[in-house]
Protein chains: 2
Amino acid sequence: MTDMQLDDRKIKIMQAIIRNYLETGEPVGSRTISKYTDLNLSSATIRNEMADLEEMGYILQPHTSAGRIPSDKGYRLYVDTMMEKKDKELEELKEVILEKEDKMDNLLKQVAKLLAVNTNYASMISAPAVHKNKIKFLQLSRVDKNQLLAVIVMEGNIIKNNILPVAEELDDETLLKLNILLNTHLSGLAPEEINLPMITRMKQQAGIHSTIVGDVVDALAEGIKEEEDLEIYTSGANNIFRYPELADQQKASELINTFEEKDKLTELVQDSLSDNNETGIQVYIGNETQIQSMQDCSVVTATYELGEGMRGTIGIIGPKRMDYDKVIGTLKTITHQLDELYNKKT
Amino acid sequence: MTDMQLDDRKIKIMQAIIRNYLETGEPVGSRTISKYTDLNLSSATIRNEMADLEEMGYILQPHTSAGRIPSDKGYRLYVDTMMEKKDKELEELKEVILEKEDKMDNLLKQVAKLLAVNTNYASMISAPAVHKNKIKFLQLSRVDKNQLLAVIVMEGNIIKNNILPVAEELDDETLLKLNILLNTHLSGLAPEEINLPMITRMKQQAGIHSTIVGDVVDALAEGIKEEEDLEIYTSGANNIFRYPELADQQKASELINTFEEKDKLTELVQDSLSDNNETGIQVYIGNETQIQSMQDCSVVTATYELGEGMRGTIGIIGPKRMDYDKVIGTLKTITHQLDELYNKKT
DNA sequence: GTTAGCACTCAACTTACTAGAGTGCTAACA
DNA sequence: TGTTAGCACTCTAGTAAGTTGAGTGCTAAC
C-alpha cells in the first residue's frame, strides 16, 4: 500500500497517459496504453499498474467505466520531471516581433496577440513595473495662467505627465529656478528613495512656491501608485472555446469575466513576480492559482526584464492539458526577444 | 394582399407581441396576446391578424407550430414608432460618475463598466477623436546628451510625448529659441491647419537645427495618426451569456472575438459618428451593423461631445430583444453626464 | 510477474412515445 | 362582413427504454 514506488515502468505508463490525454482530451484506457508504449505489456498488466497509479493519486477516473485522466498531481509530476525540453522554433517568431512599435502599450498588446495566435491559448502580459526605476529628468512648464505641466521622465524613457493647477501666475525666472531645484534634488533617484526630510528641505528652498514642490512630489507619488496596480493586457480570450472542458457557458462566462476584470490576473502576476526561481518560468496547475474561475485551467508565466528593476510578466492561460513544452518554449523565446529589443533601443 | 394596411389593431397586436417577446425571449402565441391586450379578441381573430403581420414581414415563425417572434423589420418598426420614451433614472447614475478619475482612459473604462453593469449588456466606448483639436502648447527639453523630449499639449489638456534622438548636443539658449519658434508658429492651430509652406518657413528660421523642427512636426503627425485609429474600450462581454440566443459556443466565440479585436467596432463607431441625426442616438438591428458576428445582436450608439471637435461614441451591444427604452435612456443620461463633467473641469 | 478471459459498469447514443403549445381552416354566428 | 368556436394537424421538447461499446476489476492459468 504505502510502500508503493514510482518505478521506471510506472513512469513510462504515466507519461504515455499524459501524452495521450494532452492530444485527445479523452480519458485514456489500458488497451490504448498497451499499444502506445514500447513496453510490450498486455492491457491487463497496464490495468494493474493504472490501479496503483490511481491509488497514488496521479490519475483519476471520471466515472467507473471510463479510462483515466491525469490529476493535478499527475500534471505536476509531468511538468516537473517528465517533460521533454525542446528549444526550437526560436527562429519562427524572431522577425515578427522586432519590427514592432515603439510605444510601450502597443508593443505589449502586440506581444499578447502574438502569443495567443501562436499557441491557441489565451494570453496576458503585464506592463513592466517601474517602482525601482530612477528619475531621469523633471520639467515644469507653464501651459496657461493657472496651469502647470509637470513632465517626469524615468529611466527607460517612461514618461508621466501631470497638469497642476496653480493659484499665482509664475514668471519664467521662477519657473527656471524651480526646475533647477527639482532636478538637482530628485533626478537620479528612485521614487522610493525620496523621503520626507528631503521634501521639507526642498520646500524650504522653494520659499513661497513650496506648494508647487508639494504638488510635484504628489504627482510623482501618484505616478508610482498608478504603476503599482499594474496594467495588464490580454488576448485570445475566445481561444477557450477550442477546448470543450472550458467552453461550457458557466465556465466560459466566468473566465471571460476574469480576463476582462483583470484584478484576479493582477494577483497572479504579483505572485509570479515575487517567486524568483532561476528560469523565471512558473506553472500553475488547476487550483494552484487560487483563482476560482481558473480551476480547470493551467497558467504558465514567465518574467521578462527590461533593464534594471523593470520587470513584467507574460502568461498563457489554457486547459490543463495544454502543450506545456510548446508553451514554455514560446514564452522563453518571447522573453529573450524582449530583452534583445530593449538592448537594441538603448 | 398587397393592399394590406397597418391599421390600429395590427399595431396594438404588434406592440403586444414585441413587449411580450422582449420580456420572455420565447415565441409568443395567439392565445397569450388575446389575454395580454385590452382588445377583447379571441385567439382565433388574433391568429388571422398574425397571419397578416407575418405576410407583411413584421413577424416570423421559428417553426410551424410555434408562436411568432419579431423580425428585424418588426423591431425597426417598434424602435422607430412604437416605443415609449421614459426619461427617468437620470438621478440614479448621477453621483457615480462625477467623482471619477482625471485620466481620460480610466474615465472611459469606468464609463464602459458602469454601462455594462447597469444594463446587463455589453458596452463599448471610443475615446474622443481630437483631429480638430488645437495645439495649446509645445515644449522641447533635453533629457540627456542625445535625446530630446517633445511634449505637446492639446486643448482639453490632452498630452502627447515623444522622445527624439538628436545628433548634436544643444545648449540651453538654442533650445529656448527653438521652443519660442515652435510655439509662435504652431500654438493655437489644429494639426490639419499645419501646411507645408509653414513648415518650410520654420525650418528656414531654425537654420542648422531644421531637422529638429522636422522631427517635431513628425511627432505631431504621428500623434494625430495614432488618434485616428481610435481607441475603444469594452466591458461586460460576459453579459452575452445571459441571453441564450447569443450564448451558444459558436456565436459567443465570435462575439468575444469581435469585442477583443475591436477593428469591427471601429467601423461601427465611424459610422455612428458620421451619421448626424439630431438626437445623436442610433439603433442598429441585426444585419444593419454589417458585422457578421453581430447578426443576432442589436447595437445602440450615442455620440458624446467634450468641447468642440472632440467627439466619441458610446455603445450598448445586446440581443435583439434588448430593452431599447432603458438602453436609450441610460445612454442619454451618460452622454449628459459626460458633457457636464467636461464643463466642470475646464 | 504476466496475461487471457469474463462479468460487470456506465456514459452516450438511438428509438419510440407523449404532452403541450400553437397553428390554419371551416363553419356558424351576430 | 368581421368574429369566434371547434377541430385536425404540426412540431418541439421531454421522457423512458433499449443498445452499444469502451473500459474496468477480478480470477485463474501460464
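The preceding data block contains the structure.
Below, the structure is looked at part by part.

Conventions adopted
- Residues numbered from 1 in each chain as written.
- Chains lettered and ligands numbered in written order.
- Predicted model: local features only at pLDDT ≥ 70, side-chain atom pairs only at ≥ 80, totals over all residues.
- Heavy atoms only, no water.
- Phe/Tyr/Trp six-rings, centres within 6.5 Å; stacked < 30°, edge-to-face > 60°.
- Helix = DSSP H or I, 4+ residues; strand = E, 2+ residues; numbered from the N terminus.
- Buried < 20%, exposed > 50% of the residue type's maximum accessible area, 1.4 Å probe, protein only.
- Lys NZ or Arg CZ within 6 Å of the ring centre and 35° of its normal.
- Near = heavy atom within 4 Å.
- Polar contact = N/O pair within 3.5 Å; in protein donor to acceptor, adjacent residues only side chain to side chain.
- Nonpolar A, V, L, I, M, F, W, Y, C, P; charged D, E, K, R; others polar.
- Expected span 1.5 Å × (residues − 1).
- Arc of directions from axis to C-beta.
- Contact = heavy atoms within 4.5 Å.
- Least-squares fit on C-alpha atoms with pLDDT ≥ 70 in both.

This paragraph deals with the packing of aromatic side chains. Two numbers describe a pair of aromatic rings. These are the distance of the centres and the angle of the planes. The full count for this structure, using the stated rule, is 5 aromatic pairs over all chains. Seen in terms of ring centroids, A:Phe241 and B:Phe241 are 6.5 Å apart; in terms of plane orientation they differ by 25 degrees. Their pairing is stacked. Of this pair, A:Phe241 sits in the loop between strand 7 (232–235) and helix 10 (249–261) while B:Phe241 sits in the loop between strand 7 (232–235) and helix 10 (244–247), each in a different chain. Of the two residues, A:Phe241 and B:Phe241, both sit in the buried class. We note A:Lys73 situated over the ring of A:Tyr58; from NZ or CZ to the ring centre the distance is 4.6 Å.

Around DNA strand C lies a shell of 21 residues, among which A:Arg9, A:Thr45, A:Ser65, B:Ser30 and B:Arg47 are the nearest. When the atoms of DNA strand C within 4 Å of the protein are sorted by group, sugar and phosphate make up 73%. Between a phosphate oxygen of DNA strand C and a main-chain N or O atom of A:Ser42, the distance comes to 3.1 Å. Backbone polar atom of B:Ala66 to a sugar or linking oxygen of DNA strand C: 3.5 Å apart, as the coordinates give it. Going through the elements one at a time, helix 3 (43–56) of chain A together with helix 3 (43–56) of chain B are the ones with two or more residues in the surface near DNA strand C. If one sorts the elements of the surface near DNA strand C by residue count, helix 3 of chain A sits on top with 4 residues. Within the surface near DNA strand C, the residues separate by chemical class into 4 nonpolar, 13 polar and 4 charged.

Residue and element names in this part refer to chain A. An ideal rise of 1.5 Å per residue puts 16 Å on 12 residues; helix 11 (residues 263–274) measures up with 17 Å between its terminal C-alpha atoms. Considered for burial, the residues of helix 11 that qualify are Leu-265, Thr-266, Leu-268, Val-269, Ser-272 and Leu-273. Projection of helix 11 onto a plane perpendicular to its axis shows the buried side chains occupying an angular sector of 160 degrees, all on one side. Those residues of helix 11 that are buried are in contact with strand 3 (122–126), strand 7, helix 10, strand 8 (281–285), strand 9 (297–305) and strand 10 (311–319).

Superposing chain B onto chain A takes a rotation of 180 degrees combined with a translation of 0.0 Å along the rotation axis, leaving an RMSD of 0.2 Å. Such a combination of rotation and displacement between the chain copies is what one expects of a two-fold axis. Looking at chain B, 100% of its interface residues are interface residues in chain A too, so the copies touch through the same face.

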